[in-house]
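Listed below, chain by chain, are the residues.
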Amino acid sequence: TVDFTGTSPRVTGGNFNTYPHSMIAMTACYLFQFIFNDLKPSCGMFSPMKYIFPKGSFLDADHEDAVSMGVPTMASCCNAVHTCFSKMLYASGEKDSVQACWGTTGTPVFGGLNQEGQPFATYDLAILNGAGQGAKHNHDGTDAGGFTYCAYGDFGETETMEMQYPIIPLIRNK
């Protein structure tokens, strides 16, 4: 059972809400990448699992709620799921199965006026989508796992960001 009881209420003045099915999909990415990486992805694997999403929480969005920042919300919650599974594996004696998670969505948010004098606010998706993953106590993980929860995702081009916003990324590994 993955129990999200105690989750904060829906965010009525923001866009950080998400839907239960999206959170289940995000935890599936985690489970298939770390715990069951030798199994082919299958929805049938989830039949014995139970998820609890409190009604009215930000993980149980209403049809009128804003959800555009739901992916970073899910990524942060999935980091918590990863931490719980790691602690369970470690306590069970399966220490060799414990690995570092994707990281967080702690990417810089910035805003101001763009080149045309229009206000903007955004964040650098390359940092969010370029997190490393998979380090264990006895070996390093990957330096840049890419878009960790989307097998065919991309960072986006630095040049496009530079044309849209008055910023210059100093380092970008792709």
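All values reported here derive from a predicted model rather than from experimental measurement.

### Some words on the packing of aromatic side chains
What the rule picks out here adds up to two aromatic pairs. Centre to centre, the rings of F4 and F53 are 5.2 Å apart; their planes meet at 15 degrees, and the pair counts as stacked. Of this pair, F4 sits in the loop between strand 1 (2-3) and helix 1 (20-35) while F53 is found in the loop between strand 2 (51-52) and helix 2 (70-91), placing the two residues 49 residues apart along the sequence. Comparing F4 with F53, the two get one shared label, buried. Through pairs of rings, three or more aromatic residues link up here, namely F4, Y51 and F53. Just above the ring of Y90 sits the side chain of K95; from NZ or CZ to the centre is 4.9 Å.

### Structural notes on the confidence of the model for the chain
Across the chain, pLDDT averages 77, with 71% of residues at or above 70. Of all the helices and strands in the chain, helix 3 (residues 125-129) carries the lowest mean pLDDT, 59, while strand 2 carries the highest, 94.

### Brief notes about the nonpolar core
Residues F4, M23, Y30, L31, F46, Y51 and L59 are the most contacted members of the largest nonpolar core, which totals 21 residues. For this core, the elements supplying multiple residues, two or more each, are helix 1 and helix 2. Element by element, the count of residues in this core is highest for helix 1, at seven residues. Setting aside its immediate chain neighbours within four residues, L59 contacts F4, T7, T18, Y19, P20, M23, F53, T73 and C77.

Basis of the calculations
Residues numbered from 1 in each chain as written. Predicted model: local features only at pLDDT ≥ 70, side-chain atom pairs only at ≥ 80, totals over all residues. Heavy atoms only, no water. Phe/Tyr/Trp six-rings, centres within 6.5 Å; stacked < 30°, edge-to-face > 60°. Helix = DSSP H or I, 4+ residues; strand = E, 2+ residues; numbered from the N terminus. Buried < 20%, exposed > 50% of the residue type's maximum accessible area, 1.4 Å probe, protein only. Lys NZ or Arg CZ within 6 Å of the ring centre and 35° of its normal. pLDDT = per-residue confidence, 0-100. Core = buried A, V, L, I, M, F, W, Y, C linked by side-chain atoms within 4.5 Å. Contact = heavy atoms within 4.5 Å.

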